[in-house]
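Breakdown of the fold
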Amino acid sequence: VQLVESGGGLVQPGGSLRLSCVASGFTFSTYAMRWYRQAPGKERELVARIIGSGRSTYYQDSVKGRFTISRDNAQNTVYLQMNSLKPEDTAVYYCNVIDGSDVYWGRGTQVTVSS
């Protein structure tokens, strides 16, 4: 299993970014995918989740209405569209998939929200 995130960067408050995670090594369309984030000095936290079909999603309260998770099963890619970014969204964002007792992570992509 390989997960490769991209799309992070430096953005001003109120700005937008779209993160991508390209997956390989498993049947992508049959697995829920998750985005987590970890800010300096804090624990890693779940940001959003999407089931295999894409028909059901979950968001952490702090990002509801601002972030949108989506997926393209033909491209084995999951996205996180982030709008109205705030300084408190600054973190390393990780893509995640769980297969039974096995948990897989990408290397992460840094998002920094600052003026």
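Residues numbered from 1 in each chain as written. Predicted model: local features only at pLDDT ≥ 70, side-chain atom pairs only at ≥ 80, totals over all residues. Heavy atoms only, no water.

Structural notes on the environment of Glu43
- Here Glu43 shows up in the loop between strand E4 (33-38) and strand E5 (45-50).
- When its relative accessible area of 70% is taken as the criterion, Glu43 is described as exposed.
- In this structure, the C-alpha to C-alpha distance between Glu43 and Gln12, residues 31 residues apart in sequence, is 24 Å.
- Once residues within four sequence positions are removed from consideration, Glu43 is found in contact with Arg37 and Gln38. (Helix = DSSP H or I, 4+ residues; strand = E, 2+ residues; numbered from the N terminus. Buried < 20%, exposed > 50% of the residue type's maximum accessible area, 1.4 Å probe, protein only. Contact = heavy atoms within 4.5 Å.)

Details of the pattern of salt bridges
- Taken as a whole and judged by the stated rule, the model has 4 salt bridges.
- Here Arg37 ties to Asp89 by a salt bridge, and the two come within 2.9 Å at their closest N and O atoms. Residue Arg37 is found in strand E4, and its partner Asp89 is found in the loop between strand E8 (77-82) and strand E9 (91-99); the two are separated by 52 residues along the sequence.
- According to the relative accessible area criterion, Arg37 is buried, its value standing at 5%.
- Two residues, Arg66 and Asp89, come together in a salt bridge whose shortest N-O distance is 2.7 Å. Of the two residues, Arg66 sits in the loop between strand E6 (57-59) and strand E7 (67-72) while Asp89 sits in the loop between E8 and E9, which places them 23 residues apart along the sequence. Like Asp89, Arg66 is buried. (Salt bridge = Lys/Arg side-chain N within 4 Å of Asp/Glu carboxyl O.)

Focus on the environment of Gln110
- Inspection of the secondary structure puts Gln110 in strand E11 (residues 109-113).
- Given the relative accessible area of 38%, Gln110 is considered partly exposed.
- Polar side-chain contacts of Gln110 include one of 3.4 Å to the backbone oxygen of Ala91. (Polar contact = N/O pair within 3.5 Å; in protein donor to acceptor, adjacent residues only side chain to side chain.)

Side note on the nonpolar core
- Counting 28 residues, the largest nonpolar core has Met33, Trp35, Val78, Leu80, Met82 and Tyr93 as the members making the most contacts within it.
- Elements supplying a minimum of two residues to this core: strand E3 (17-24), E4, E5, E7, E8, E9 and E11. (Core = buried A, V, L, I, M, F, W, Y, C linked by side-chain atoms within 4.5 Å.)

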